[in-house]
Amino acid sequence: MQRTYTLSDFDFALPAELIAQHPAPQRSASRLLDATGDAPADRVFRDLPQRLAPGDLLVFNDTRVIKARLYGAKATGGSVEALVERILPGHEVLAHLRASKSPRPGTVVRFAGTFDAEVLGRGGPDGGLFHLRFPDDPLVLLERHGHVPLPPYITHADTDEDERRYQTVFADKPGAVAAPTAALHFDDAVLQGLAQRGVRTANVTLHVGAGTFQPVRTENLAEHRMHTEWFEVPAATVQAIEATHATGGRVVSVGTTTLRALESAARGGALRAGCAETDIFITPGFEFRVVDLLITNFHLPKSTLMMLVSAFAGYERVMALYRHAIAQRYRFFSYGDAMFIEPPQP
């Protein structure tokens, strides 16, 4: 009989000093907790190619993080902080706004002391975002005047280091406001090692939203509603996955965002190419159709991502791995270390 899990089941005590505030000196020098064998093994991420077999397929999320955070002020002088969640047609965006008083439609906010944006009203799936009109291409204005949207648990202001390192080496399609962090560990040397090993790669795109950090507030998980994110699974990736499984290879998801895109595209049964919005909420008991192995960072207590990895690798196993990681002083969250996990063996 399937156990019913509650929010409290995914809580754990994490020493604050284990929350990584900066990346490792080199991407692939981060640690890798390898849980694909009988006992967890403490490795270095550059060891990954040797842990895979020729014919395996790594699937990456090729989204690019945009400089989504803006600082500005209303005509009254009140400060405004914006986090752009989504780019819309017509120079418009949906954004989270922080201000002493919520701006009304028609309010003009001057950002970076340089350009004016008009508040059109509220928007988004639940009306919780603000609909703004920029005077020019939002991507151009954000690149010029925005800041790297570091997660709330990273306490320093963004720097040149963050501009380089809070981005994967293969980032391509702009639109994310949070990095696909499991992929931050890959560098050219690891990618070359994978190719030499005979491991193939493919891409999906999922534009990670700020909702990835949204806390779950209900003890009953069935009452939680996920934020929506846009994703695309190309036909070439579907073909690569089908060919991999047909020849006995394994599909390795690089990160939870890649997994969410792939499993969302297979909700109807077969994996299908195309673009869509997903609000998939993966908790223990979920039936995985596509992904065989998962590379992922260590996640926040009580987060939807803790629930996802517990669904994938087994609740007791994941909680034991987290206890091991804390005891061995692994670094946690976006700039932290990674683990390599598989589903429970029958």
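Since the model is a prediction, treat every value here as computed from it, not as a measurement. (Residues numbered from 1 in each chain as written. Predicted model: local features only at pLDDT ≥ 70, side-chain atom pairs only at ≥ 80, totals over all residues. Heavy atoms only, no water.)

A. Helix H7 (residues 315-327), seen in detail. Its 13 residues give H7 an end-to-end C-alpha distance of 19 Å, which sits within 8% of 18 Å, the value for a rise of 1.5 Å per residue. Here H7 has its buried residues at Tyr315, Val318, Met319, Leu321, Tyr322, Ala325 and Ile326. The arc enclosing the buried residues of H7, seen along the axis, measures out at 155°, which places them on a common side. Exposed residues lying more than 90 degrees from the buried face of H7 are Glu316, Arg323 and Ala327. Next to the buried residues of H7 lie strand S1 (31-34), strand S16 (293-297), helix H6 (304-313) and strand S17 (338-341). (Helix = DSSP H or I, 4+ residues; strand = E, 2+ residues; numbered from the N terminus. Expected span 1.5 Å × (residues − 1). Buried < 20%, exposed > 50% of the residue type's maximum accessible area, 1.4 Å probe, protein only. Arc of directions from axis to C-beta. Contact = heavy atoms within 4.5 Å.)

B. Fine view of the layout of surface pockets. Here the largest pocket defines a volume of roughly 1000 Å³. Secondary structure elements with two or more residues in the lining of the largest pocket: strand S5 (69-74), strand S6 (79-88) and strand S7 (92-99). The element contributing the most residues to the lining of the largest pocket is S6, with five residues. Taken together, the residues of the lining of the largest pocket break down into 20 nonpolar, 11 polar and nine charged. Quantified by volume, the second largest pocket comes out at close to 340 Å³. Considering the residues around the second largest pocket, the lining is formed by 27 residues, among which Thr212, Phe213, His299, Leu300 and Leu305 are closest to the centre. Listing elements by their share of the lining of the second largest pocket, those giving two or more residues are helix H5 (256-265) and S16. Looking at side-chain class alone, the lining of the second largest pocket contains 15 nonpolar, 11 polar and one charged residues. (1 Å grid on protein atoms, 1.4 Å probe; cavity = no way out; pocket = protein on both sides within 12 Å on 5 of 7 lines; lining within 4 Å. Points joined across faces, edges and corners; volume = space filled by probe spheres on them. Nonpolar A, V, L, I, M, F, W, Y, C, P; charged D, E, K, R; others polar.)

C. Expanded view of empty space enclosed by the protein. Enumeration over the complete set of coordinates arrives at four cavities of 30 Å³ or more. Of the pockets and cavities examined, the largest cavity occupies roughly 80 Å³. Lining the largest cavity are Pro23, Ala24, Gln26, Arg27, Ser30, Arg165, Leu184, His185, Ser334, Tyr335 and Gly336. Residues of the lining of the largest cavity, tallied by class, amount to four nonpolar, five polar and two charged. Considering only enclosed or pocket space, the second largest cavity measures out at about 60 Å³ in volume. Around the second largest cavity, the lining residues are Val208, Gly211, Thr212, Met226, His227, Glu229, Thr256, Thr257, Arg260, Thr304 and Leu305. The set of elements that each furnish at least two residues to the lining of the second largest cavity consists of H5 and H6. Looking at the lining of the second largest cavity element by element, the count peaks at three residues for H5. Looking at the lining of the second largest cavity, its residues break down into three nonpolar, six polar and two charged.

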